[in-house]
Amino acid sequence: MAEVKVTMEIGNDGVAVITISNPPVNALAIPIIAGLKEKFDEATRRNDVKAIVLTGKGRRFSGGFDINVFEKVHKTGDVSLMPDVSVDLVVNTIEDCKKPIVAAVEGLALGGGLELALGCHARVAAPKTQLGLPELTLGVIPGFGGTQRLPRLVGLSKAVEMMLLSKPIMSEEGLKLGLIDAIVSSEDLLKVSRLWALDIADGRKPWIRSLHRTDKLGPLSEAREILKVARQQAKKTAPNMPQHQVCLDVIEEGIVHGGYSGVLKEAKDFKTLVLSNTSRGLVHVFFAQRATSKVPNVTDVGLKPRHIKKVAIIGGGLMGSGIATALLLSNIYVFLKEINSEYLLKGIKLIEANVQGLVRKGKLAPGKADMVLSKLKGVLDYSDFKDVDLVIEAVIESIPLKQKIFSEIEKICPSRCILATNTSTIDLNVVGEKTTSQDRIVGAHFFSPAHLMPLLEIVRTEKTSSQVILDLMTVGKIIKKVPVVVGNCTGFAVNRTFFPYTQGAILLANLGVDVFRIDKVISNFGLPMGPFQLQDLAGYGVFMATGKEFFNAFPDRTFRSPLIELLMKSGRNGKNNGKGYYIYEQGSQPKPDPAVLPIIVQSRRMTNIMPGGKPISVTDHQILEMVLFPVVNEACRVLDEGIVVRASDLDIASVLGMSFPSYRGGIVFWADVVGPKHIYTSLKKWSEAYGNFFKPSRVHLRRHPQLQGHACKQNSYSDAKKLAKELKVDLGRVVGSGPLGRIVVKDVEAAASSAVVAAATVTVTSATGCAAAAAPGIELGMVVPFTIMQGAVNRNMVVSLSVPTFRVGYTITTDVLDALYRKVKSGGVTMAALLAKGNSISLGKHPMIYLRICGSNSDGFNSAASTVSASIVQLGADEQCRLLSLDPHAKKKISFSFSA
Ligand SMILES: C[C@H](O)CC(=O)SCCNC(=O)CCNC(=O)[C@H](O)C(C)(C)COP(=O)(O)OP(=O)(O)OC[C@H]1O[C@@H](n2cnc3c(N)ncnc32)[C@H](O)[C@@H]1OP(=O)(O)O
């Protein structure tokens, strides 16, 4: 691990170069701040030092104050962990230093990094260096004097814009604004900075203390006007976030009472904001987003991403054209395939419109549009698919059509080619059923509009290879998406978690609550629109189609309402035809349509769920909870089934896929703040009053410690911790079953198994309800310790059986399982079928284990199929597997289809 340190070198010219070294971004960690203080003090003291240059190692000046310290403050509530940098280091040590200090800035100077540079007496930068104060995105304000010095260097308007929008500028613009004094090549940066510092020392260049300047602030009345407009703007754009208004107040303090007074207020208000829930939520999102890049058995097994140069998209509709646009914008060649020239032309036009739209919004230079579009080729057959690296199918949600396409592309595309589907609901095993390339099949679930929405849900099955997942994650990053790897289930992570969102709102409407009030409550909470406006936007057809999937998958907890059908019958189709719950007219905001109310009344009559036939009386707060708690309830199930790698992945997915407010930290984080107990008791109360839709999942209670995240991390026994490290299990996701909820070895083993993608075809449970201790061998009639076996078997599946052996209580060589699979694969037997057969045999041999149908109870052990099968491999029952072939359409039938 690279050392976190500050070094100082003194040259013969009498210039001390102080260098920050804390890779990868030279964050200002506590030891760095202490090191800076020490080196600056030493340089000031020493007679052989005439001037000082401050720089960062590795061509990055600094990414700002160490955000990990915020996290520590959030966990402990101890704000004294924040050192006094602003006055002690930046004002007293740097700005008021008796020797001139020049910042040599390269790569990036963000947040506290830029603030250190602002405290220096001049700034020399390399070309294309990012300069910004993005602290507001973390729920705080600049805290090392940035609110005071930036306006004094670039003027008030620009400084307010940079801070409130958290938008960095490049050094080229910085030079024009006066933030940077000179731009020189990277090679000359230190040389020029040293000379600059000496020039200041010798009076050839001005010695400027930014905090003392007032020339760019303008008259007070003008400044007040700028701040007033900014306040009004922030009220609209950031209504639930305190840091915007505080930032403006602090700037005003400095303008009215002087820079030093502003610095003091800034430091004080910064400490208050660090402790706010907004900062907790945003800092959580910062780390959660970065954590999505770390996928066990994918990103930590030494695989290298392959280069994806050419991509074929099948289907030029809204999704296909959006995905194509995103790829083209990142210089990737795209073949867009349609079934006839009319559709193809339409698809190409949509892409052109997307690109032009970006030009209009200033997001793409006009000269670049042609270059982007030159990488697109429309095709009507597969002849260009022979050397593509990735195919993304984006046709309508029809199983037979998708199956046909996949069996065709499997034959045409090279064997290395990734075969991806953009389905939002259909089981991937079903999509790939007619192929033998299931290891290359993966879900690439984009969100509409695909060229703008940041989330890419990567859906893997138990057969998708790690290499394919890694490649798709890499493409996702290249096209500037945040890829989140999830498991295969109805709706995957985002749609599955949020299906109760619209349903809850419709249920409330049927209970007599006004739909426009519900929308208002939700948008006041921070989502960009309420659930009814969202239905209008998505189109009722989409809503009906996905709704059906959820009704089928989770009949125990879906609410059926005729409302959407009634709306459609009345000629409404949402935004598509300008008429939904709202009226949509060109150029104006959607207006609530009172004419929709009789339709809602009709729906209420038909569902007849209002207690005593009267609308229920609820507060706005209750409305919010009745819409969102069922979502939390489903999130618990999604976590429990291991659909996401870690709880925070669901937070990111909810923020980026559903626009859940980032300052609330995402759906799981928010639930944690609200309190799992309150959520559980509320759901229980409502389920008693209004039915099963609200029934708290059985996993909910078990998940309490999990929702409290870090709490359980500190509450695990050391042997459990050791095992978690070995099995790469995130303890934050583990439910403790030991005394006082502490995590014991057994819990880690169980988590290791369920964290991996759900094989999810069958669930198994033990009649004893818990795992037995590890046995030295398996014998007839024994209770199979499946929770112990699960994790190991699954992990081995996921790394494509590349690990030769594993040990879990006793040793089984995966070669055996591997060899067995190879043997039966050619006969059309899938791994799932093999495992299912294993189950059935185990079932016969071990009476203490029984199977249940998947979906009938989500509290089962999803991945146990593999476990029990491992025992079968051990018993050498291979010849019976040949006969089987799994029909993924009929997952539910699996447990009936095989007899021991
Ligand atoms: C008092 C002060 O006013 C308060 C502050 O300074 S608050 C901090 C202000 N600074 C920021 O907000 C910048 C935050 N960082 C970023 O925007 C981006 O990381 C970046 C533009 C610097 C670099 O982006 P990129 O090259 O894509 O790398 P990215 O993956 O984001 O980060 C690399 C690693 O550095 C870490 N990192 C980045 N900035 C960090 C910071 N300020 N503190 C601690 N860690 C940081 C990331 O967590 C990540 O760690 P990981 O590899 O373990 O996941």
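Values in this document were obtained by computation on a predicted structure and should not be read as measured data.

Conventions adopted
Residues numbered from 1 in each chain as written. Predicted model: local features only at pLDDT ≥ 70, side-chain atom pairs only at ≥ 80, totals over all residues. Heavy atoms only, no water. Near = heavy atom within 4 Å. Polar contact = N/O pair within 3.5 Å; in protein donor to acceptor, adjacent residues only side chain to side chain. Helix = DSSP H or I, 4+ residues; strand = E, 2+ residues; numbered from the N terminus. Pairing = 2+ DSSP bridges. Contact = heavy atoms within 4.5 Å. Axes fitted to C-alpha atoms, helices over the stretch in contact; angles between N-to-C directions. Left-handed = near helix turned anticlockwise from the far one by under 90°. Nonpolar A, V, L, I, M, F, W, Y, C, P; charged D, E, K, R; others polar. Core = buried A, V, L, I, M, F, W, Y, C linked by side-chain atoms within 4.5 Å. Buried < 20%, exposed > 50% of the residue type's maximum accessible area, 1.4 Å probe, protein only. Domains from an automatic or database assignment. UniProt positions renumbered as here; feature names shortened; annotations may be inferred. Arc of directions from axis to C-beta.

Participant: Could you give me a rundown of the site of the ligand, with the residues and numbers involved?
Facilitator: As a structural note, the neighbourhood of the ligand is formed by 27 residues, with Gly 112, Glu 115, Glu 135, Arg 290 and Lys 294 the closest of them. Phe 65 has a polar backbone atom sitting 2.8 Å from an oxygen atom of the ligand. Contacts to the ligand include Ile 67, whose backbone N or O atom sits 2.9 Å from a nitrogen atom. The set of elements that each furnish at least two residues to the shell around the ligand consists of helix 2 (67-76), strand 5 (108-110), helix 4 (112-119) and helix 12 (277-291).

Participant: How would you sum up the sheet that holds strand 2 (residues 15-21)? Please name residues and give values.
Facilitator: Taken in spatial order, the six strands of this open sheet run 1-2-3-4-6-9, and their pairing is mixed. Bordering the open sheet on either side are strand 1 (5-10) and strand 9 (182-183), each of which pairs with just one other strand. As judged from the four bridges shared by strand 4 (residues 101-105) and strand 6 (residues 122-125), these two strands associate in the parallel manner. Bridge pairing links Ala 104 to Val 124 in strand 6. Its contacts with the sheet place helix 1 (residues 30-45) against strand 1, strand 2, strand 3 (51-56) and strand 4, and it is angled at close to 20° to strand 1.

Participant: Lay out the packing of helix 5 (residues 146-154) against helix 10 (residues 242-257) with the relevant residues and their values.
Facilitator: Direction vectors running N to C along helix 5 and helix 10 enclose 65°, while the axes themselves pass 9 Å from each other. Remark: the crossing between helix 5 and helix 10 carries right-handed chirality. Where helix 5 approaches helix 10, its residues Thr 147, Gln 148, Pro 151 and Arg 152 are matched on the opposing element by Cys 247, Val 250, Ile 251, Gly 254 and Ile 255. Considering only residue class, the contact of helix 5 with helix 10 consists of five nonpolar, three polar and one charged.

Participant: Explain the nonpolar core to me, and be specific about the residues and the numbers.
Facilitator: One finds Tyr 501, Leu 508, Ile 518, Tyr 581, Leu 650, Ile 667 and Trp 670 to be the most contacted residues of the largest nonpolar core, which totals 75 residues. When residues of this core are assigned to their parent elements, the largest contribution, 11 residues, is made by helix 25 (residues 620-640). Shared between two domains, this core takes at least three residues from each, and those domains are domain 2 (310-488) and domain 3 (495-643 + 675-702). Counting residues in each nonpolar core, the second largest holds 72 residues, with Leu 54, Val 160, Val 246 and Val 283 among its members.

Participant: Please give an account of the side chain of Gln 535 that cites residues and values.
Facilitator: Its location among the elements puts Gln 535 in helix 21 (residues 531-538). Judged by its relative accessible area of 2%, Gln 535 falls in the buried class. Look past the residues within four positions of Gln 535 in its chain and what remains in contact with it is Thr 502, Ile 506, Tyr 540, Phe 543, Ile 564 and Tyr 581.

Participant: Go over the UniProt feature "transmembrane region" (unreviewed entry) in the protein chain with me, naming the residues and quoting the values.
Facilitator: Taken from the UniProt record, the annotation "transmembrane region" (unreviewed entry) applies to residues 311-336. Helix makes up 46% of residues 311-336 and strand makes up 31%, while its end C-alpha atoms are separated by 9 Å.

Participant: Give a description of helix 21 that names residues and reports values.
Facilitator: Every buried residue of helix 21 is accounted for by Pro 531, Phe 532, Gln 535 and Asp 536. Taken end-on, helix 21 shows its buried residues confined to a sector of 150°, consistent with a single buried face. On its buried face, helix 21 sits against helix 19 (494-510), helix 20 (515-525), helix 22 (540-553), helix 23 (563-569) and strand 18 (582-583). Positive phi appears at Gly 539, one or two residues downstream of helix 21, with a value of about 95°.

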